[in-house]
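What follows is each chain in one-letter form.
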There are 2 protein chains.
Amino acid sequence: MSTVPPEIDTPEIMVDADVLRRNIERMAAGVAAKGLALRPHAKTHKIPEIAALQLVAGAVGLTVATIGEAEVFAEHGAADLFIAYPLWVTERSGQRLRQLGRRARIAVGTDSAEAARAMGAHVAGADVEVLVEVDSGHHRSGVAPAQAVQVARAAADSGLRVAGVFTFPGHSYAPGMPAEAAEEERRALAEAARLLTEAGFEVTRVSGGSTPSALLTEARPTTEVRPGVYVFGDAQQLELGRCAPEDVALTVAATVVSRHEGSSGVPRRVVLDAGSKVLGGDRPGWATGFGRLADFPDARITALSEHHATVAFPDGEGLPALGERLRVIPNHVCVAVNLVDEVAVVSGGEVVDRWRVAARGRNR
Amino acid sequence: MSTVPPEIDTPEIMVDADVLRRNIERMAAGVAAKGLALRPHAKTHKIPEIAALQLVAGAVGLTVATIGEAEVFAEHGAADLFIAYPLWVTERSGQRLRQLGRRARIAVGTDSAEAARAMGAHVAGADVEVLVEVDSGHHRSGVAPAQAVQVARAAADSGLRVAGVFTFPGHSYAPGMPAEAAEEERRALAEAARLLTEAGFEVTRVSGGSTPSALLTEARPTTEVRPGVYVFGDAQQLELGRCAPEDVALTVAATVVSRHEGSSGVPRRVVLDAGSKVLGGDRPGWATGFGRLADFPDARITALSEHHATVAFPDGEGLPALGERLRVIPNHVCVAVNLVDEVAVVSGGEVVDRWRVAARGRNR
């Protein structure tokens, strides 16, 4: 059982450096063995030191969600960035994209002729590639594969360079769904890539892959995958069976601040000082609670307020003591990291470094 | 219909200065008319400029959730702070509390004899008051009123000055619950205050009140209320009927980045560039979605990812255009503000100022 190092004040996010490195190397090896390129999503960690580890392990570049994240990682030396988002480009954001294109290889997403034309009006001629986003079943952004050619033509007609297609199989984040989502992703990307090729486009990039589906993805037509969460793992991946407890690299150190043995009508519980302002408030319907306790697998986080986690324990299992320090695994690690300015890096039971979450809050 | 000023890039949090002032004045007048003191919870806004407006309007002091928040507001001149949280005090946090006690009037919460003794070991003799937290039905932290004396005695025996009791009627945040929660709060506070008085404690502070219940609270035994959300309002308060659409002072400016008329099996929707990393991910079971659109009351935010809000519109209502800029009301404004470094202050359709969220991320 790992403990919380004494120099940590709670609540604080801790990253286990050794587990992190193992996760990075394992995904890099698994993806390489399939002949795919790895372009990890840096929105998960927002930390240049972790991006550097991913690139050293063989990632071809980084994925980001916003122009602001791209700017931060470019400032820290990233040379190849994909903003996997259907940007609506304005004069101001177009200027930022053009500047980015001068310091790194930049690709951006688009999923409509209108957005492609708006982008073309502001960045045509700049060194920015476009990937058409297709919907592979998640029904968020992205066009049906059959409409990809229309979007690509609007982009090309607006002076943009179309490099390929991408999708996000977000429906892989549900019990039993990874294999089905990976197959739907493959079909959608294959159809869109085929149609673009038939329409005369040179399709060099076919990009997919979430953490649940990345290692289920095969090369051809897919050329690269963009998993993010795998670096840390989280309670969602744990409950989906996509990582093991020993693969979880990020936990939130918390203290038991309130403890109640319970009585009729009043639940038996402890309260931790880690709430939604450090764990994040995400809770999918299928999750067992608002996160998990690393060292108490049967405990359930039944409620979360901003600075309180209410934790129920099974009858017969002793409640932890007041003042005891525990490690909480957030449900969704990407939103947890985005809540803090820095993380404590732990190895061998000690805090060995602190990393700044340099791209925290870069929402635009 | 308010629009998004042209100088705003999306997503960005906007605060309507005029609505904010009206909300602050209305709550101050309503609470004063009942003979109660108002001690607004500053965790909602974390912004010294807003705290100053509350204090000018008659607030007796501020409530905060953490020592770090207390430090920020004390640095900005707040003279009377209540950390309404059952702190587990360590040597390091005790030192910070003692320093705070030298620059402001400080009160803290406790809900167990153990926590009171830990606090006493580190801050006894310092200028810090203690309020015993009682559970009025929310079943988070807090002891049953009957146990309040035991906690107060442990605090007093540890050299701490016990000033009274407090509770948080968090169960008021549900449809139909405010009146019932306010009555349970009154009963719990009255019983705890009576027992403490009978045990020889001088009870000068009896503190309650959430935004849904604050104006349902009567003076005696309660001496003060601690609403927070009322300054801004949010989609939860709107759907609970505790504020009107015109009372919502904070919105997130967002752009339509993806638009889909829908077809068989694929929902009709638009996607906005405001996701859980700016709106927050809170969604109580009774909410209609992950926030509301200020100018489209029938639209529903059916899904939220980190940078995407998926919005469904009723059949027959036209979808907004790609590139259109809309205002989103977050479900829970306290967690939304905590995601940004500054907010744009808007009046008369223009950005008139920017305020720094000075206590953002101060979780400990």
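Residues numbered from 1 in each chain as written. Chains lettered and ligands numbered in written order. Predicted model: local features only at pLDDT ≥ 70, side-chain atom pairs only at ≥ 80, totals over all residues.

**A word on the overall build of chain A**
- A tally of helices and strands in chain A yields ten helices and 17 strands.
- For a compact globule of 364 residues, the expected C-alpha radius of gyration is about 21 Å, and chain A comes in at 22 Å, within 12% of that figure.
- Out of the 364 residues belonging to chain A, those deemed buried represent 63%.
- Of all intrachain contacts in chain A linking residues separated by at least 6 positions in sequence, the fraction that spans at least 24 positions is 67%. (Helix = DSSP H or I, 4+ residues; strand = E, 2+ residues; numbered from the N terminus. Rg over C-alpha atoms; globule rule 2.2 N^0.38 Å. Buried ≥ 20, exposed ≤ 12 C-beta atoms within 10 Å, placed from the backbone. Contact = placed C-beta atoms within 7 Å.)

**Describing the packing of helix α5 (residues 113–123) of chain B against helix α6 (residues 148–157) of chain B**
Residues and elements named next belong to chain B.
- Two numbers describe how α5 lies on α6: the axes approach to 8 Å, and their chain directions differ by 15°. One way to sum up the angle between α5 and α6 is to call them roughly parallel. Here α5 and α6 pass one another in a crossing that is right-handed. Where α5 approaches α6, its residues Ala113, Ala116, Arg117 and Gly120 are matched on the opposing element by Gln150, Val151, Ala154 and Ala155.
- Broken down by class, the residue content of the contact of α5 with α6 amounts to five nonpolar, two polar and one charged. (Axes fitted to C-alpha atoms, helices over the stretch in contact; angles between N-to-C directions. Parallel < 35°, antiparallel > 145°, perpendicular 65-115°, else oblique. Left-handed = near helix turned anticlockwise from the far one by under 90°. Nonpolar A, V, L, I, M, F, W, Y, C, P; charged D, E, K, R; others polar.)

**With respect to the relation of the copies chain A and chain B**
- Placing chain A over chain B gives an RMSD of 0.0 Å and needs a rotation angle of 180°, together with 0.0 Å of translation along the axis. Classification of the inter-copy transformation places it as that of a two-fold axis. When each C-alpha of chain A is compared by its distance to the rotation axis, Gly281(A) comes out closest, at 2.6 Å.
- Looking at the interface residues of chain A, 100% of them are also at the interface in chain B, so both copies use one shared face. (Least-squares fit on C-alpha atoms with pLDDT ≥ 70 in both.)

**Structural notes on the domain arrangement of chain A**
- The assigned domain composition of chain A is domain 1 (34–231) and domain 2 (236–356).
- With 15 residues of domain 1 of chain A at the interface, the matching set in domain 2 of chain A holds eleven residues. (Domains from an automatic or database assignment.)

**Some words on α6(B)**
Residues and elements named next belong to chain B.
- The complete set of buried residues in α6 reads Ala148, Val149, Val151, Ala152, Ala154 and Ala155.
- The secondary structure elements touched by the buried residues of α6 are β5 (105–110), α5, β6 (128–133), β7 (161–166) and α7 (178–198).
- After α6 finishes, the residue Gly159 shows a positive phi value of roughly 90°.

**What to know about the sheet that holds strand β4 (residues 80–86) of chain B**
All names here are of chain B.
- The sheet built from eight strands is open, its strands ordered β2-β9-β8-β7-β6-β5-β4-β3 with parallel pairing. Two strands close off the open sheet at either side, each with one partner strand: β2 (37–38) and β3 (62–64).
- With five bridges joining them, β4 and β5 adopt parallel strand pairing. The partner of Leu81 across the bridge, within β5, is Ile106. (Pairing = 2+ DSSP bridges.)

**Brief notes about the environment of Arg220(B)**
- Here Arg220(B) shows up in the loop between β8 (205–208) and β9 (224–225).
- Along the sequence, Arg220(B) and Ala254(B) sit 34 residues apart, while their C-alpha atoms lie 45 Å from each other.

**What to know about the pairing of strand β13 (residues 300–304) of chain B**
Residue and element names in this part refer to chain B.
- Here four bridges tie β13 to strand β14 (residues 309–312), and the two strands are oriented antiparallel to one another. Each bridged residue has a counterpart across the sheet, and for Arg300 the counterpart in β14 is Ala312.
- What sits between β13 and β14 in their antiparallel hairpin is a turn of four residues.

**Considering the interface of chain A and chain B**
- In this assembly, 51 residues from chain A lie in contact with 51 residues from chain B.
- Counting only elements with at least two residues in the side of chain A that touches chain B, the list comes to β4 (80–86), α4 (91–103), α5 (113–123), β10 (250–260), α9 (276–279) and α10 (333–337) of chain A.
- Top contributing element to the side of chain A that touches chain B by residue count: β10(A), with four residues.
- Partitioned by chemical class, the residues of the side of chain A that touches chain B number 19 nonpolar, 20 polar and twelve charged.

**Some details on the confidence of the model for chain A**
- Summing up the model confidence of chain A, the mean pLDDT is 96 and the portion of residues at 70 or higher is 99%.
- Predicted as a complex, the structure gets a pTM of 0.97 and an ipTM equal to 0.96. (pLDDT = per-residue confidence, 0-100.)

**As for the sheet that holds strand β7 (residues 161–166) of chain A**
Residue and element names in this part refer to chain A.
- Strand order in the open sheet formed by eight strands is β2-β9-β8-β7-β6-β5-β4-β3, and the pairing between neighbours is parallel. Only two strands of the sheet have a single neighbouring strand rather than two, namely β2 (37–38) and β3 (62–64).
- Note: strand β8 (residues 205–208) against strand β9 (residues 224–225), two bridges, orientation parallel. Opposite Ser207, over in β9, you have Glu224 as the bridge partner.
- Taken strand by strand, helix α3 (residues 67–75) contacts β3, β4 and β5 (105–110), and its axis lies near 170° from that of β4.
- Contacting β5 and β6 (128–133), α4 runs over the sheet at an angle of about 140° to β5.

**Some points on the pairing of β10(A)**
All names here are of chain A.
- In terms of residue burial, β10 counts as a mostly covered element, since eleven of its eleven residues are buried.
- Bridge count for strand β1 (residues 12–16) against β10 is four bridges, and the pairing is antiparallel. Note on β10: the bridge partner recorded for Met14 is Thr251.
- In terms of strand pairing, β10 meets strand β15 (residues 325–329) through four bridges, oriented antiparallel. Following the sheet pairing, Thr255 is matched in β15 by Arg325.
- As judged from the four bridges shared by β10 and strand β11 (residues 269–272), these two strands associate in the antiparallel manner. Of the residues in β11, the one forming a bridge with Val256 is Leu272.

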